[in-house]
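# Descriptive structure summary
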Amino acid sequence: MSADAIQSRVQDALNAITQPRHVRDLTVDAQGAVAFTFVLTTADPASLARRVRKAVEAVPGVTSVKMSVVDSPDGADRPSGRPAARPSSAPAPAPPPPPTADEMPALGKVIAISSGKGGVGKSTVSANLAAALVLEGYRVGLMDADIYGPNIPRMFGLSAKPEVQGGKIQPLEAHGVKLMSLGFIVERDAPAIWRGPIIMKIIGQFLKDVAWGELDYFLVDLPPGTGDAQLSLTQIVRLHGAIIVTTPQEMAVGDSLRGAKMFERVGVSVVGSVENMSYFVCPHCHTRSEVFLAGGGARLAAELGVPLLGQVPLQAGMAERADRGEPIVVSQPESPAGLALRDLARTVSARTAHLTAAVPITAPR
């Protein structure tokens, strides 16, 4: 089959589920390799990108699909592709007010897990804390809000597409934890080149359009830093608190301090800090060694005036188990890291037992 014939079939498949504004730069080579850019607009469900990829992959003659997902540029939702004209003398419209955050009592305690920088093990702490809370008898949901690097699916060994029943997305479940992540919806190699409105839409959909049921704890694994995902979360749901993950090094502590101050600025209290990669316990002689500069988590907690909730050690094989979807609190609960994370879960449950949902403060522009 010729490349032109395959391209015609691909275009027909795309036309069946998309509009012309969605697809750009469609090419098909002689070997049947398809490449195109998919424009996700604010009116589209986040799952549309995966549906499009599956539809193209099913076209006879297609051997591979390379789809780059980007968000809609200003005015792309208009038929002309241009913003509406406005008389030059007319004043610019005032920006819309931020949405009012909702209290969602069915989710239980809504706790954000954040870090100032990447690479500190925030998702590892999130996954293990969720699994450890289940072991303590709680009903737990974990939402992966790290739009640009969703790692929670791999850490729980899941990759299936969530089903939709009665208009609600059904969360996947592993080790007793209910889970939702963008990694379940878009392909693993699809880049997320998205700005604030799309990120806010995805987070809102994960909060309100997923059948979470009745929970005791709802943990949100945030991306590093203080960007759109953090602010979107505080504008959509009333949080009970935030946990800040750091490592002992001063650079990580400084970045984490900025992240913690962001939550305080929007009216969300910081429950405490967690120091990950805190020390190393030799598996042979059981000697404890400080691999990095000691005390970073304690310094962060002291500066914020909050407790140090726990110190999680480095442990050989922990990363490999995470890649296999085996949280250490499940696969090796009596190991140093397993014990530390189980203790962390008990501390978090005690510290959050009487927290009420925060009334958010609008962040200054």
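Refer to the structure printed above.
Residues numbered from 1 in each chain as written. Predicted model: local features only at pLDDT ≥ 70, side-chain atom pairs only at ≥ 80, totals over all residues. Heavy atoms only, no water.

### Digging into empty space enclosed by the protein
Heads up, the rule is: Computed over the protein atoms alone on a 1 Å grid, cavities are sets of points where a 1.4 Å probe fits but cannot get out and pockets are open sets with protein on both sides within 12 Å along at least five of seven lines; a residue lines them when it has an atom within 4 Å of a point. Grid points are joined across faces, edges and corners, and a volume is the space filled by probe spheres set on the points. A helix here means a DSSP run of H or I that spans at least four residues, while a strand means a run of E at least two residues long, and both kinds are numbered starting from the N terminus. Charged means Asp, Glu, Lys or Arg here, nonpolar means Ala, Val, Leu, Ile, Met, Phe, Trp, Tyr, Cys or Pro, and polar covers whatever is left, Gly included.
Summed over the entire model, instances satisfying the criterion amount to 2 cavities of 30 Å³ or more. The space that makes up the largest cavity amounts to roughly 60 Å³. Taken together, Thr124, Ala127, Asn128, Met155, Met318, Ala322, Glu326, Pro327 and Ile328 make up the lining of the largest cavity. Mapped onto the lining of the largest cavity, the elements with two or more residues apiece are helix 3 (122-135) and helix 9 (318-323). Among the residues forming the lining of the largest cavity, the class breakdown is 6 nonpolar, 2 polar and 1 charged.

### Here's the deal with unusual backbone geometry
Just so we agree on the cut-off: Exposure categories follow from relative accessible area, calculated using a 1.4 Å probe and restricted to protein chains: below 20% of the type maximum is buried, above 50% is exposed, and the middle band is partly exposed.
One non-glycine residue with positive phi stands out, namely aspartate 25, at about 55 degrees. Within the secondary structure, aspartate 25 sits in strand 1 (residues 23-28). Residue aspartate 25 is classed as exposed on the basis of its relative accessible area of 62%. Residues other than glycine seldom take positive phi values, yet histidine 175 does so here, at roughly 55 degrees. Checked against the element boundaries, histidine 175 lands in the loop between strand 8 (172-174) and strand 9 (177-181). Residue histidine 175 is classed as partly exposed on the basis of its relative accessible area, which comes to 33%.

### A few points about the packing of helix 1 (residues 3-17) against helix 2 (residues 48-57)
How we decide: Axes here mean lines fitted to C-alpha atoms, for a helix over just the part in contact, with angles spanning 0 to 180 degrees between N-to-C directions. Roughly parallel refers to an angle under 35 degrees, roughly antiparallel to one over 145, roughly perpendicular to one between 65 and 115, and oblique to any angle outside these ranges. The crossing is said to be left-handed when, going from far helix to near helix, the turn is anticlockwise and less than a right angle, and right-handed when the turn is clockwise. Only heavy atoms enter the contact rule, under which two residues are in contact if any of them lie within 4.5 Å.
Between helix 1 and helix 2, the shortest axis-to-axis distance is 9 Å and the interhelical angle comes to 150 degrees. Of the possible angle classes, the one that applies to helix 1 and helix 2 is roughly antiparallel. Handedness of the helix 1/helix 2 crossing: right-handed. Residue-level inspection shows Val10, Ala13, Leu14 and Ile17 of helix 1 in contact with helix 2, the latter providing Leu48, Arg51, Val52, Ala55 and Val56.

### A closer look at helix 2
Listing the buried residues of helix 2 in full gives Leu48, Ala49, Arg50, Val52, Arg53 and Val56. Where helix 2 is buried, its residues contact helix 1, strand 2 (33-40) and strand 3 (64-71).

### Brief notes about the nonpolar core
As a reminder of what qualifies: To form a nonpolar core, buried Ala, Val, Leu, Ile, Met, Phe, Trp, Tyr and Cys residues must be joined to one another through side-chain atoms within 4.5 Å.
With 102 residues, the main nonpolar core has Phe36, Met143, Leu207 and Leu233 as its most contacted residues. In contact with phenylalanine 36, other than residues within four places in its own chain, are Val23, Arg24, Asp25, Leu26, Val52, Val56, Val65, Lys66, Met67 and Ser68.

### Some remarks on helix 1
Selection rule: Multiplying one less than the number of residues by 1.5 Å gives the expected span of a helix. Think of it as the arc spanned by the lines of direction from the helix axis to the C-beta atoms.
Over its 15 residues, helix 1 runs 22 Å from end to end, which matches the ideal 21 Å to within 8%, given 1.5 Å per residue. Of the residues making up helix 1, those classed as buried are Ala3, Ile6, Val10, Ala13 and Leu14. Take helix 1 and look down its axis: the buried residues cluster within an arc of 100 degrees, on one side only. Set apart from the buried face of helix 1 by more than 90 degrees, the exposed residues are Asp4 and Ala16. The secondary structure elements touched by the buried residues of helix 1 are strand 1, strand 2 and helix 2.

### Some words on the pattern of salt bridges
As a reminder of what qualifies: Within this document, salt bridges are pairs made up of a side-chain nitrogen of Lys or Arg and a carboxyl oxygen of Asp or Glu, the two lying within 4 Å of each other.
Overall, the coordinates contain 10 salt bridges when judged by the stated rule. Here lysine 122 and aspartate 221 are joined by a salt bridge, their closest N and O atoms 2.9 Å apart. Of this pair, lysine 122 sits in helix 3 while aspartate 221 is found in strand 11 (residues 217-221), placing the two residues 99 residues apart along the sequence. Residue aspartate 216 is joined to arginine 139 by a salt bridge in which the shortest nitrogen-to-oxygen separation is 3.0 Å. One end of the pair, aspartate 216, is in the loop between helix 5 (196-208) and strand 11; the other, arginine 139, is in the loop between helix 3 and strand 5 (140-144), with 77 residues separating them in the sequence. One continuous salt-bridge network, built from bridges that share partners, spans Glu136, Arg342, Asp343 and Arg346.

These figures come from the coordinates and say nothing about function on their own.
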